[in-house]
Amino acid sequence: MKYDVVVIGGGPGGYICAIHCARYGLKTALVEKGELGGTCLNRGCIPTKTLLYAAGLLENIDKSALFGIKDAGGKADFPGLRTRCRDVVETMRKGVERLLKQQKVDIYRGKGQVISPSLVSVEGENPVELSTSHIVLAVGGAPSIPPIPGSSLPGVYTSDSFLAELPEAKKLVIIGGGVIGVEFAEAYRAFGTDVSVVEMMPRLLPPFDTDLARHLAALFRKKGIHVFTGAAVKKIEQTEEGLSVSFEKGGKEETLPADAVLIATGRHPETKNLLPMEAAMERGYFKVDGTMETSVKGIYAIGDIVYGAVQLAHSAEAQGKAAAAAIAGKPCSIALDLVPQCVYTLPEIASIGLTEEEAKKDGISLKSSRMVMGSNAKSLIADEGGYIKILSDGSGCIRGAQLFCADADNLISEFSLAIANHLSLEDFLKVIRPHPSVEEALGEAAEGALLRE
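The rules behind these values
Residues numbered from 1 in each chain as written. Predicted model: local features only at pLDDT ≥ 70, side-chain atom pairs only at ≥ 80, totals over all residues. Heavy atoms only, no water. Pairing = 2+ DSSP bridges. Helix = DSSP H or I, 4+ residues; strand = E, 2+ residues; numbered from the N terminus. Axes fitted to C-alpha atoms, helices over the stretch in contact; angles between N-to-C directions. Contact = heavy atoms within 4.5 Å. Expected span 1.5 Å × (residues − 1). Buried < 20%, exposed > 50% of the residue type's maximum accessible area, 1.4 Å probe, protein only. Salt bridge = Lys/Arg side-chain N within 4 Å of Asp/Glu carboxyl O. Phe/Tyr/Trp six-rings, centres within 6.5 Å; stacked < 30°, edge-to-face > 60°. Lys NZ or Arg CZ within 6 Å of the ring centre and 35° of its normal.

Trainee: Honestly, the sheet that holds strand E23 (residues 387–392) in this entry has me stumped. Any pointers?
Mentor: Neighbouring strands of a sheet are bound in pairs by backbone hydrogen bonds; such pairs are parallel or else antiparallel. In space, the five strands of this open sheet follow the order E20-E21-E24-E23-E22, with antiparallel pairing throughout. Of all the strands in the sheet, the pair left with one neighbour each is strand E20 (341–343) and strand E22 (367–372). Within the sheet, the average angular offset between the axes of one strand and its neighbour, ignoring direction, is 10°. Bridge analysis of strand E21 (residues 348–353) against strand E24 (residues 398–405) gives six bridges, and the strand direction is antiparallel. Within the sheet, the bridge partner assigned to Glu348 lies in E24 and is Cys405. Running at roughly 5° to E24, helix H7 (residues 210–223) makes contact with E21, E22, E23 and E24 of the sheet.

Here it is as structure tokens:
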């Protein structure tokens, strides 16, 4: 079978790339060894955010008495949570398959293997070889498991296996305080679990703004989540009561009991033996140019396997669109280096552009303006706190923003648009934002920055 494009991997980057290639009139095939939707839909973003939505409902129930609502107690029902996660995932998966079929993308079930820049074999129940003019690699990654003794014991999970089972635990220890770790901590805390987070770095969310990490740690401790930073896990052991996690912090060894342990220490690219020819790589990731093409002509890479890329679904989708446009010879104006990063804690965290630490490191002088959400009417009504921080340069141009507030994931795109279009604080204030809304705090933060100039 002859194709213009063969995409290997049916995650967000892969299926979006395939759909866009087909819309450009290219005959397109998609090869997927597992379920369509990849890690994000099946074992990542979607089921995790379903759990966090449930956690938010429980948190609102807990404070319902504040609004004059009595006897509104609720608790987590794990069979119900599992059912809801499964239903959401299955609905979205069917939607992805329907979109691909509508665009006449041929779907091949099996493991895709590159034979040459013009040939892909599909290994599975119905093996087949696909000849093609272009190949897009979108195979994603897998959970990284550090060499911790006891990491293979029953009751010790990766994010993949944890979501597959959703264990009901009285005590949960999470190893890793990055995005995956803190989101699971937030959800399970709301479900009534005693949660501990052990992070090797000096703070939670190491790549994020220091203020965000510090405020999240303080909020976690207020909610009863135990946070141990600067702590190196030494071993996991089976005990008569369950599991125990031993870690070293400040030269002292401590032990935490657990019914379940989640290892959330990041993911690694699944690029081993993917290509039979040499390609420019760095630490297992493909190096690509501005069109997502690797050093092998005609072979493109997108998503979690790209060196320097942010490992997020929307980043992979944008790269997929860029690759599709390049293959079709069409222009693409997506700012691939401007990726919003969101953490779905309660409240949410979102960040775009430069942080103060990055600016200082690069010798860039930025002004910071902060809006505390306690003075925002909508946040006060909902009894929600947090803050918004805007960073601008000497000319008033917006260079970065960090949000820790309700709906941060929806609001961050205002700043993405501003940075992508080199808007100033004054430009940002040209629009009228509704009142009462969380969004009006964005304008107030920008206004505050101008008043301090």
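Trainee: Even after reading the chapter, I still don't get helix H1 (residues 12–23), so can you show me in this structure?
Mentor: Quick reminder: α-helices carry 3.6 residues per turn. Residues three or four places apart thus point the same way. When the terminal C-alpha atoms of H1 are compared, their 16 Å separation across twelve residues agrees well with the 16 Å that a helix rising 1.5 Å per residue should span. Within H1, eleven of the twelve residues are buried, which leaves the element mostly enclosed by the surrounding structure. Taken residue by residue, H1 has Pro12, Gly13, Gly14, Tyr15, Ile16, Cys17, Ala18, Ile19, His20, Cys21 and Ala22 as its buried positions. As for H1, its buried residues are in contact with strand E1 (2–8), strand E2 (28–32), helix H2 (38–43), helix H4 (78–102), strand E6 (128–137) and helix H8 (313–328). A positive backbone phi angle near 90° is found at Gly25, which sits one or two residues after H1.

Trainee: Looking at this structure, I do not really get the sheet that holds strand E8 (residues 156–158). What am I missing?
Mentor: With parallel pairing, five strands are arranged side by side in an open sheet as E8-E15-E9-E10-E11. In this open sheet, the two edge strands, each paired with only one partner strand, are E8 and strand E11 (226–229). The mean inter-strand angle of the sheet, taken between neighbouring strand axes irrespective of direction, is 20°. Bridging between E8 and strand E15 (residues 260–263) involves three bridges; their strand directions are parallel. Paired with Tyr157 across the bridge in E15 is Leu262.

Trainee: Looking at this structure, how should I read the pattern of salt bridges?
Mentor: The final tally for this structure, using the stated rule, is 22 salt bridges. The shortest N-O distance in the salt bridge between Asp211 and Arg214 comes to 3.0 Å. With Asp211 and Arg214 both in helix H7, this residue pair falls three residues apart, about one helical turn. The class for Asp211 is buried, based on a relative accessible area of 11%. Residue Arg214 is classed as partly exposed on the basis of its relative accessible area of 47%. Two residues, Glu356 and Lys389, come together in a salt bridge whose shortest N-O distance is 2.7 Å. On the criterion of sequence distance, the pair formed by Glu356 in helix H9 (residues 356–361) and Lys389 in strand E23 is long-range, its members being 33 residues apart.

Trainee: I tried to follow the packing of aromatic side chains on my own but got confused; where do I start?
Mentor: The relative placement of two aromatic rings is captured by the distance of their centres and the angle of their planes. One pass over the full model with this rule turns up ten aromatic pairs. Here the aromatic rings of Tyr188 and Phe191 are separated by 5.6 Å at their centres, their planes lie at 65°, and the arrangement is edge-to-face. Residue class for Tyr188 comes out buried when judged on its relative accessible area of 1%. Taken together, a centroid distance of 6.3 Å and an interplanar angle of 85° make the contact between Tyr387 and Phe404 edge-to-face. Placement of the pair is Tyr387 in strand E23 and Phe404 in strand E24, with a sequence separation of 17 residues. The class of Tyr387 is buried, set by a relative accessible area of 2%. Judged by relative accessible area, which is 4%, Phe404 ranks as buried. Here the aromatic residues Phe78, Tyr157, Phe162, Phe184, Tyr188 and Phe191 are joined through ring pairs into a cluster of three or more. Cation over ring: Arg370 sits above Tyr387, and NZ or CZ is 4.3 Å from the ring centre. Between the NZ or CZ atom of Arg433 and the centre of the ring of Phe428, over which it lies, the distance is 4.3 Å.

That's the geometry; what it means functionally is another story.
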